[in-house]
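Residue-level listing of the chains:
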Amino acid sequence: MKERQIIHLIETTLKEKIEQNEKIIRYSFFEVNVKYDLSGKDKDLFINLLKIKLKNNDYEVYTQGQKFEYNNAKMTVQDNEELIAIK
């Protein structure tokens, strides 16, 4: 997949997720690996560009295994989740 295709994928999926709930954005393992059919370098580029985009929009970004707090609850990004972003 070319970089511009990955950027387009980020733009379209992120827009949908923000419309659903702008306070918390979740990308599941299934979405990234199966639905979007990303692996290897494409997946790494997708995650890295997505993290930059989210951080530039004032989100705190967490990936697998990282701990975070949301709605006064301590949570961990699970193995079935690729990325969670909190505004």
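Please refer to the structure higher up on the page.
Residues numbered from 1 in each chain as written. Predicted model: local features only at pLDDT ≥ 70, side-chain atom pairs only at ≥ 80, totals over all residues. Heavy atoms only, no water.

### Digging into the overall build of the protein
When you go through the protein residue by residue, the secondary structure sums to three helices and five strands. Going from N to C terminus, the protein has its helices and strands arranged as α-β-α-α-β-β-β-β. Against the compact-globule benchmark of 12 Å for 87 residues, the protein has a radius of gyration of 12 Å, which places it among compact chains. Taken along the three principal axes of its C-alpha coordinates, the protein extends 40 × 25 × 20 Å. Considering the protein as a whole, with its 87 residues, one finds that 37% of them fall into the buried category. Residue pairs in contact within the protein that sit at least 24 positions apart in sequence constitute 57% of those at least 6 positions apart. Put simply, the protein shows about 5800 Å² of open surface, and 45% of that area lies on carbon and sulfur atoms. Taken as two groups, the 15 positive and 15 negative side-chain charges of the protein have centres that lie 1 Å from each other. (Helix = DSSP H or I, 4+ residues; strand = E, 2+ residues; numbered from the N terminus. Rg over C-alpha atoms; globule rule 2.2 N^0.38 Å. Buried < 20%, exposed > 50% of the residue type's maximum accessible area, 1.4 Å probe, protein only. Contact = heavy atoms within 4.5 Å. Areas by Shrake-Rupley, 256 points an atom, 1.4 Å probe, with all protein chains shown as cover. Lys, Arg positive; Asp, Glu negative; His and termini not counted. Charge placed at Lys NZ, Arg CZ, Asp CG, Glu CD.)

### Quick look at the pattern of salt bridges
For the structure on display, the rule yields four salt bridges. A salt bridge links Glu 31 to Lys 17; the shortest N-O distance between them is 2.7 Å. With Glu 31 in helix α2 (residues 29-35) and Lys 17 in helix α1 (residues 3-20), this pair connects stretches of sequence that are 14 residues apart. The shortest N-O distance in the salt bridge between Glu 82 and Lys 43 comes to 3.0 Å. Of this pair, Glu 82 sits in strand β5 (residues 81-86) while Lys 43 is found in helix α3 (residues 40-56), placing the two residues 39 residues apart along the sequence. (Salt bridge = Lys/Arg side-chain N within 4 Å of Asp/Glu carboxyl O.)

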